[in-house]
Amino acid sequence: MKRNLILSAMLIVGTYAMACTNFIVGKKASVDGSVFVTYNADSYGAFMPLYHYPAAKHAAGEMRKVCEWDTGKYLGEIAEAAETYNVIGNSNEWQVTVGETTFGGREEMTDSMGIIDYGSLIYIALQRSKTAREALQIMTSLVEQYGYYSEGETFSIADPNEAWMLEMMGCGPDRTKSKERTVWVAVRIPDDAISAHANQSRITKFLDGRYVQVKMQDLQKKYPVNGKKPVPNLMVCSDNVVSYARAMGWFEGKDADFSYNAAYAKPDFSGRRYCEARVWSFFNRFSDDFSAYVPYAAGIEKDTKEMPLWIVPNKKVGLQDLRDAMRDHYEGTPFALDADFGGGIYEMPYRPSPLSYKVDGKEYFNERPISTQQTAWSFISQMRSSLPREVGACFWFGNDDGNMVAYTPMYSCMTRRPKCFTEEGIDDVTFSMDNAFWVCNWVSNMVYPRYSMMFPSLKEVRDSLDASYDKLQPEIEVKALALPTAEERIKLLTDYSCQKGDEMICRWKRLAFFLIVKYNDMVVKPTDANGAFERSQYGHGKRVQRPGFPERFARELIKQTDTKFLVPKEEKK
């Protein structure tokens, strides 16, 4: 069976396309009743700001131009909605969040005639949706009407009450053969569960009785999300999701045996080791024993137990748990990056791209962890039904690799952005000391090559900012709730978010200057308990410390060089 998995080429060649990670936490699986969605936008060098689409009214007949999110290529026009809502990042004023990861799938299914790409679809849906279900309906109906331009995609779609996972592919560019535009399926993640996806289609069998199938138009009527009865495991899908695979010769058998990813994007080695291993690492954090799925995540054995779409965690998940998960490098697992020589002298838990390389005609690979150097921005979206919508949606944002930045609170109601998170006069080849993307990348790229030496200094600042935000969150929200109108609450939270953004970049600049001075020329200049550089009695900086090789690297170097660098013993006279 011929199959071209776009993902493999995308990850190995290292193109401009995304290679991202999403986590989902249901409201009964979280510590405080929040629904969470996280996202790493891993974009291989692309500049990305904190997006803002202000709320607006539109005249009848007004059209919206659609340009591909990744490239800016003009794709066409669609009818504009009469009203659009305020969007900050990937969250809107109604506490709806949408994230994504690209899985590629069958090359022949890509619709080059489509008008809406996956990135545009996200922000159009956020501008038009008050609930996750509404976003789901809008996204699927838009691509049916206008065509879906992108490769296979998995979307996280959530609001303060529930979360869904949607997988979507086009039906090819040939309109003469079929009027079908897309094949898609969406599954509701149980409220007491967590889920994840990372560039590999994850929905397998969904017609075998595990889910209650319902038509989109009947969702709210039959299974109201705020009803008295618990919502069952629900599923909605396109009418052609099975028949299209049959017609193409990709599936035979009973509908109950149909698997979405087996038909359209079956996991191969890259889909499992580069992608599903990240999901495994997330689940492993919240499971008593997830070792049974190591062979599947490792990607080498063919007949292995595939991972579930979601699990019920062994503890309630909080904001800090998600920060830690987004900063993961497989520490303490069979895929750990700190157990070999690849990290270099300073034991860097990162590896250079592309993911595979050849030596003497043989192909080898690097691990691909959740935390990766090519992240343009990362977020943790927090949605809370217990609060007014202008207070409940807190969009925790970092403009670089999640391991290397603090997650700064940006409330989704805010009507303006901190200057540091905008795109004003900045792009992927234009540096600015006033822009968070570039200042954070500057700091990160100092730390990467001397990770074990310099990262503790970054971590101290990062964690202190995270802790300060956690302390301030209940205080600012109490103040907001005490205000009599939504407009006043919005102003307060806008001012607060902008203030935190301004303070963050100021602190990161100070960190940059500190790192340059403290670790200049691969030595360490002494500092006191307050971080001030110590001076000698004559006013100069105190004598530097020269740490030399970490012991593990020194042992490996000697192992490889034998006695080449052995200092000879002097003969006694």
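All values reported here derive from a predicted model rather than from experimental measurement.

**As for the layout of surface pockets**
Point 1. Taken as a whole, the largest pocket holds about 610 Å³ of empty space.
Point 2. If you trace the largest pocket, you find 28 residues lining it, with Thr204, Asn261, Tyr296, Thr304 and Glu306 closest to the centre.
Point 3. Of all the secondary structure elements, the ones that give two or more residues to the lining of the largest pocket are α6 (260-264) and α7 (269-285).
Point 4. The class makeup of the residues in the lining of the largest pocket is twelve nonpolar, six polar and ten charged.

**Re the nonpolar core**
Point 1. Grouped together as the largest cluster of nonpolar side chains are 165 residues, with contacts concentrated most on Phe155, Phe206, Tyr260, Tyr264, Trp377, Met504 and Trp508.
Point 2. No other element matches the ten residues that helix α12 (residues 451-482) contributes to this core.
Point 3. Those residues in contact with Trp508 that lie beyond four places of it in its chain are Met404, Val405, Ala406, Val439, Cys440, Val443, Leu458, Val461, Arg462 and Leu465.

**Remarks on the pairing of strand β14 (residues 194-197)**
Point 1. Both faces of β14 are covered, namely the face carrying Ile194 and Ala196 and the face carrying Ser195 and His197.
Point 2. Where strand β1 (residues 21-25) lies against β14, four bridges are found, and the strand directions are antiparallel. Looking across to β14, one finds that Phe23 is bridged to Ala196.

**Focus on a nonpolar patch on the surface**
Point 1. Residues Phe431, Met433, Phe513, Ile516, Val517 and Phe533 make up a contiguous nonpolar surface patch of about 490 Å² in total accessible area.
Point 2. Note that Phe533 resides in the loop between α13 (486-518) and α14 (551-561).
Point 3. Since its relative accessible area comes to 32%, Phe533 is described here as partly exposed.

**Remarks on the environment of Ser120**
Point 1. Position of Ser120 among the secondary structure elements: in helix α2 (residues 118-128).
Point 2. The class for Ser120 is buried, based on a relative accessible area of 12%.
Point 3. For the pair Ser120 and Lys205, spaced 85 residues apart in sequence, the C-alpha separation works out to 29 Å.
Point 4. Contacts of Ser120, omitting those with residues within four sequence positions, involve Val66, Cys67 and Trp69.
Point 5. At 3.0 Å, the side chain of Ser120 and the backbone oxygen of Cys67 are in polar contact.

**Here's the deal with empty space enclosed by the protein**
Point 1. In total, this model carries two cavities of 30 Å³ or more according to the counting rule given.
Point 2. Size it by volume and the largest cavity reaches roughly 110 Å³.
Point 3. Considering the residues around the largest cavity, the lining is formed by 15 residues, among which Arg351, Leu355, Thr372, Gln373 and Gln374 are closest to the centre.
Point 4. A per-class count over the lining of the largest cavity returns six nonpolar, six polar and three charged.
Point 5. In this structure, the second largest cavity spans a volume of roughly 40 Å³.
Point 6. For the lining of the second largest cavity, the class distribution of residues is two nonpolar, two polar and three charged.

**Some details on the packing of aromatic side chains**
Aromatic ring pairs are reported here in terms of the distance separating the ring centres and the angle at which the planes meet.
Point 1. In total, this model carries 45 aromatic pairs according to the counting rule given.
Point 2. An angle of 80 degrees between the planes, with centres 5.7 Å apart, marks the rings of Phe283 and Phe290 as edge-to-face. Each member of the pair, Phe283 together with Phe290, is buried.
Point 3. Where Phe379 meets Phe395, the ring centres are 4.5 Å apart and the plane angle is 40 degrees; that geometry is what we call tilted.

The rules we used
- Residues numbered from 1 in each chain as written.
- Predicted model: local features only at pLDDT ≥ 70, side-chain atom pairs only at ≥ 80, totals over all residues.
- Heavy atoms only, no water.
- 1 Å grid on protein atoms, 1.4 Å probe; cavity = no way out; pocket = protein on both sides within 12 Å on 5 of 7 lines; lining within 4 Å.
- Points joined across faces, edges and corners; volume = space filled by probe spheres on them.
- Helix = DSSP H or I, 4+ residues; strand = E, 2+ residues; numbered from the N terminus.
- Nonpolar A, V, L, I, M, F, W, Y, C, P; charged D, E, K, R; others polar.
- Core = buried A, V, L, I, M, F, W, Y, C linked by side-chain atoms within 4.5 Å.
- Buried < 20%, exposed > 50% of the residue type's maximum accessible area, 1.4 Å probe, protein only.
- Contact = heavy atoms within 4.5 Å.
- Pairing = 2+ DSSP bridges.
- Patch = residues over 30% accessible without salt bridge, like charges linked within 9 Å, V, L, I, M, F, W, Y side chains within 5 Å.
- Areas by Shrake-Rupley, 256 points an atom, 1.4 Å probe, with all protein chains shown as cover.
- Salt bridge = Lys/Arg side-chain N within 4 Å of Asp/Glu carboxyl O.
- Polar contact = N/O pair within 3.5 Å; in protein donor to acceptor, adjacent residues only side chain to side chain.
- Phe/Tyr/Trp six-rings, centres within 6.5 Å; stacked < 30°, edge-to-face > 60°.

Remember, this is a structural readout, not a statement about activity or role.
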